[in-house]
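# Topology and contacts: notes
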Amino acid sequence: MTFSVSRVERDGGGAARLRLTGELDLSTAPQLTTAIEDLAAAGETRLLLDLTDLTFCDSTGMAVFVRGDNQAAADGGWLRLTGANGRVERVLRVTGLADVLRHDPGSLDPASQTVL
């Protein structure tokens, strides 16, 4: 399966939203990195990654999530994850990233989550 990153309309909380589809791994992670960097360059500091259609994510993809969150935090914002299910959700929970990145599988509105 191929990987794609698409920008979708802003959510109700004012965050820029990216929808990830397919398999995020060593060969496709640069595509997500570029999308996050482009948003940061455009002044976006609050990012929501919709993982509903992401079917696989390896450690390279997880590292992109963490780097994106670190960059957003350095700029006074945040990166949040939503919609992960199946294997992707399991990996987020096992690694602890579900808590760190405040993953909420049922919410597409990060404003409903406490942001420290």
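Residues numbered from 1 in each chain as written. Predicted model: local features only at pLDDT ≥ 70, side-chain atom pairs only at ≥ 80, totals over all residues. Heavy atoms only, no water.

### A few points about the pairing of strand β3 (residues 46–57)
Alignment of strand β2 (residues 16–24) against β3, held across 8 bridges, turns out to be parallel. By the bridge assignment for β3, Leu24 is matched with Cys57. For the crossover that starts at β2, traverses helix α1 (residues 29–41) and ends in the parallel β3, the hand is right-handed. Where β3 and strand β4 (residues 78–82) come together, 5 bridges link them in parallel fashion. Residue pairing across strands places Leu47 opposite Leu79, the latter belonging to β4. (Pairing = 2+ DSSP bridges. Helix = DSSP H or I, 4+ residues; strand = E, 2+ residues; numbered from the N terminus. Right-handed = clockwise from strand over helix to strand, strands pointing away.)

### Looking at the nonpolar core
Leu24, Leu32, Leu51, Leu54, Phe65 and Leu92 are the most contacted members of the largest nonpolar core, which totals 26 residues. Among the secondary structure elements, those contributing two or more residues to this core are β2, α1, β3, α2 (59–74), β4, α3 (86–95) and α4 (97–100). Those residues in contact with Leu92, other than ones at most four positions away along the chain, are Leu51, Met62, Phe65, Leu81, Ala84, Leu97, Ala98 and His103. (Core = buried A, V, L, I, M, F, W, Y, C linked by side-chain atoms within 4.5 Å. Buried < 20%, exposed > 50% of the residue type's maximum accessible area, 1.4 Å probe, protein only. Contact = heavy atoms within 4.5 Å.)

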